[in-house]
Structure formats: C-alpha cells, structure tokens
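Next come the chains, spelled out residue by residue.
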Amino acid sequence: MPSRSAADPVSPLARGGGSSLVATIAARLERMIISGEIESGGKLNEYALAHQLEVSRTALREAVRLLEQSGLVVIEPNRGVFVRRVSLKEALDVFDVRAGLVYTAGRLAAARASDAQLAALQQRHVDMVSTWEAREIDRYYDLNLGFHSDIMAMTGNDRLASLYEMMSNQLHLFRRRNLGNSAQLELSLNEHAKILEGLNARDAFKAGRAFERHVQLGRQRMLDTLTFQDGEPTRPLRNRADR
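A. Representation of helix H9 (residues 182-200). For H9, which comprises 19 residues, the first-to-last C-alpha distance of 27 Å matches the rise-based estimate of 27 Å (1.5 Å per residue) to within 8%. Looking at the packing, one finds that the buried side of H9 touches helix H5 (88-112), helix H6 (115-133), helix H7 (137-154) and helix H10 (204-224). Arginine 202 lies just past H9 and shows a positive phi near 55°.

B. Broad picture of the side chain of glutamate 191. Looking at the element boundaries, glutamate 191 is found in helix H9. At a separation of 2.8 Å, a polar atom in the side chain of glutamate 191 contacts the side chain of arginine 221. In contact with glutamate 191, other than residues within four places in its own chain, are His214, Leu217 and Arg221.

C. Structural detail: the pattern of salt bridges. All chains considered together, the criterion is met by 11 salt bridges. Here arginine 61 makes a salt bridge to glutamate 46, at a shortest N to O gap of 2.8 Å. Note that arginine 61 is positioned in helix H4 (residues 57-69) and glutamate 46 in helix H3 (residues 46-53), a separation of 15 residues in sequence. The class of arginine 61 is partly exposed, set by a relative accessible area of 38%.

D. Focus on the pairing of strand S2 (residues 80-83). Pairing analysis gives 4 bridges linking strand S1 (residues 73-76) to S2, with the strands arranged antiparallel. Bridging across to S2, valine 73 finds its partner in valine 83. The hairpin turn running from S1 into S2, its antiparallel successor, is 3 residues long, and asparagine 78 in that turn takes a positive phi close to 65°.

E. Representation of the packing of H5 against helix H8 (residues 158-174). Where H5 contacts H8, the axes come no closer than 9 Å and their chain directions differ by 150°. By the angle between their axes, H5 is roughly antiparallel relative to H8. Note on packing geometry: the crossing formed by H5 with H8 is left-handed. Here H5 contributes Leu88, Ala91, Val94, Phe95, Val97, Arg98, Leu101, Val102, Thr104, Ala105 and Leu108 to the contact with H8, which in turn contributes Leu160, Leu163, Tyr164, Met167, Ser168, Gln170, Leu171 and Phe174.

F. Representation of the confidence of the model for the protein chain in the model. The pLDDT averaged across the protein chain works out to 83; a share of 82% of its residues lies at or above 70. Ranking the elements of the protein chain by mean pLDDT puts helix H1 (residues 12-15) last with 38 and H6 first with 96. Overall, residues 1-16 carries pLDDT values under 50, and its contacts beyond four positions in sequence, including any with other chains, amount to 31 contacts. With pLDDT under 50 throughout, residues 234-243 is counted as low confidence; its partners more than four residues away or in other chains account for 58 contacts.

G. Local environment of the nonpolar core. Counting 65 residues, the largest nonpolar core has Ile25, Leu29, Leu60, Ile151 and Leu199 as the members making the most contacts within it. Counting residues per element, this core draws most heavily on H5, which supplies 12 residues. Once residues within four sequence positions are removed from consideration, leucine 29 is found in contact with Leu49, Leu53, Leu60, Ala63, Val64 and Leu67.

H. Quick look at the environment of alanine 26. Among the structural elements, alanine 26 can be located in helix H2 (residues 19-35). Using a relative accessible area of 7% as the deciding quantity, one classes alanine 26 as buried. Remark: the alpha-carbon pair of alanine 26 and arginine 65, spanning 39 residues in sequence, is separated by 8.8 Å. Those residues in contact with alanine 26 that lie beyond four places of it in its chain are Ala63, Leu66 and Leu67.

I. Highlighting the packing of H5 against H7. Contact geometry of H5 with H7 gives a least axis separation of 8 Å together with a crossing angle of 60°. When the axes of H5 and H7 are compared, the pair comes out oblique. Like other packed secondary-structure pairs, H5 and H7 cross with a definite hand, here left-handed. Contacts between H5 and H7 involve Arg98, Val102, Ala105, Ala109 and Arg112 on the former and, on the latter, His148, Ile151, Met152 and Met154. Residue composition of the contact of H5 with H7, by class: 6 nonpolar, 1 polar and 2 charged.

Criteria and cut-off values
- Residues numbered from 1 in each chain as written.
- Predicted model: local features only at pLDDT ≥ 70, side-chain atom pairs only at ≥ 80, totals over all residues.
- Heavy atoms only, no water.
- Helix = DSSP H or I, 4+ residues; strand = E, 2+ residues; numbered from the N terminus.
- Expected span 1.5 Å × (residues − 1).
- Contact = heavy atoms within 4.5 Å.
- Polar contact = N/O pair within 3.5 Å; in protein donor to acceptor, adjacent residues only side chain to side chain.
- Salt bridge = Lys/Arg side-chain N within 4 Å of Asp/Glu carboxyl O.
- Buried < 20%, exposed > 50% of the residue type's maximum accessible area, 1.4 Å probe, protein only.
- Pairing = 2+ DSSP bridges.
- Axes fitted to C-alpha atoms, helices over the stretch in contact; angles between N-to-C directions.
- Parallel < 35°, antiparallel > 145°, perpendicular 65-115°, else oblique.
- Left-handed = near helix turned anticlockwise from the far one by under 90°.
- pLDDT = per-residue confidence, 0-100.
- Core = buried A, V, L, I, M, F, W, Y, C linked by side-chain atoms within 4.5 Å.
- Nonpolar A, V, L, I, M, F, W, Y, C, P; charged D, E, K, R; others polar.

Structure representation (structure tokens):
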C-alpha cells in the first residue's frame with residue numbers, strides 16, 4: 001500500500017471538481033508511477049489510493065482510464081489495474097519515436113521560441129551545470145526534465161508536446177529514475193549546450209539535429225548501463241538523467 005505523508009493527499013482547495021478533479025488525480029497517480037512509488041507491474045489498490053488521495057473511487061476509476069490511454073497502466077478484466085511493464089524492445093522502439101519527435105521539436109522551437117523563452121532555457125542550463133558540479137542529482141534530474149519540456153513548449157504545438165510526454169512516461173517504466181554517473185551527466189550537458197547553440201542561432205536544422213542526437217546517444221547510454229540475463233536486462237544500473 002502506498003505510504004501517506006502530509007504532502008501526498010490531493011488538496012480539496014487545489015483540485016477543483018468535475019474533469020479538473022479527475023485530471024488532478026491522474027497527474028498525482030502519474031507522479032507516483034514515474035517516481036517508482038508504485039512499482040512497474042504493481043497492482044493499483046483502488047481502496048487504498050482513494051483513501052490516500054481523499055477522493056471517491058468513481059473519480060479514481062476515471063483517472064485510471066486516462067492513464068490507460070497514455071499507456072502507463074493496463075486494465076485487466078477480473079484482475080484489476082496494473083502498472084505497465086515495458087520490455088527492452090518496447091523501450092528501444094520508444095527511443096526511436098522520441099528521436100523523431102525531438103528533431104521536429106528542435107526545428108519548430110528554433111523558429112518559434114521567444115527571446116524570453118530562450119533566455120530562460122539558457123538559465124536552466126546554467127543551473128544544471130551548477131547542480132552537476134555540486135552532485136545534486138535529484139535537482140539535476142528535475143531540471144533535466146524541465147529542459148526538455150521547455151523546448152516542447154517553445155514549439156507551440158500541443159499535440160507534439162503531448163506525444164513526447166506520453167513516450168517519455170512510458171520510457172520511465174523501463175528506465176526508472178536511476179542514478180547517472182558524473183561522466184554521463186557531463187555528456188548530457190554538452191549535448192544540451194549544442195541544442196542551445198542551434199536554438200540561439202535560430203538554425204532549425206542544427207537545433208533539430210542536436211536534439212535528435214541527444215536522444216540517440218541517451219539510447220546508447222541506456223544500453224551501455226544494462227545488466228543482461230538470458231537476453232533481457234535485469235535492471236538499469238545508471239542513466240537516471242540522460243533523457
């Protein structure tokens with residue numbers, strides 16, 4: 001059963017009602033899954049979650065259906081709801097799709113980003129370098145997610161951003177938030193710098209190619225850090241922040 005803390009429940013003041021409540025519950029469940037609070041392959045305890053989040057089971061079921069649509073959970077008749085397990089093959093397929101999405105995102109962002117957005121992204125990169133130097137891995141991870149999300153926002157294309165988020169969330173199920181070593185994080189930072197160069201130059205091809213290359217190299221780093229048993233990985237060892 002998920003543990004409960006003061007920060008865990010969905011606040012009645014923040015959640016609103018109707019569809020906004022369902023979306024809030026879905027977002028909270030998504031965070032629990034992505035963080036590993038609910039294990040990959042684990043069963044969602046409807047009663048316990050409804051109690052923890054202080055919501056009705058009806059609203060919880062509606063939120064779960066949203067997660068099913070995004071590929072995070074699987075609803076099995078007469079068995080319940082389970083966090084989806086992602087195989088190595090599926091993870092590699094997702095990387096291939098993400099590479100195509102970020103290439104498009106880089107091109108669009110180079111053409112559409114405002115000067116203020118680019119300045120904010122540059123500052124996020126500076127903050128990431130500082131957290132890498134301080135070995136603040138948790139904060140680095142969050143900043144890294146934001147770096148990618150910021151570029152998606154720059155595209156002005158909600159459908160593209162939604163597809164990217166869906167692919168990234170599914171990849172989390174295979175590659176949990178595992179620690180990346182210092183050398184890997186430095187490589188990722190260097191790749192971010194190249195993306196920024198393309199964006200700041202308003203060079204659509206350079207930005208798109210740099211972003212695509214970043215994802216492709218992240219894919220290889222993931223493979224390099226897997227422990228294999230009978231042809232399948234037993235667990236990811238590192239690569240927490242190389243998204």
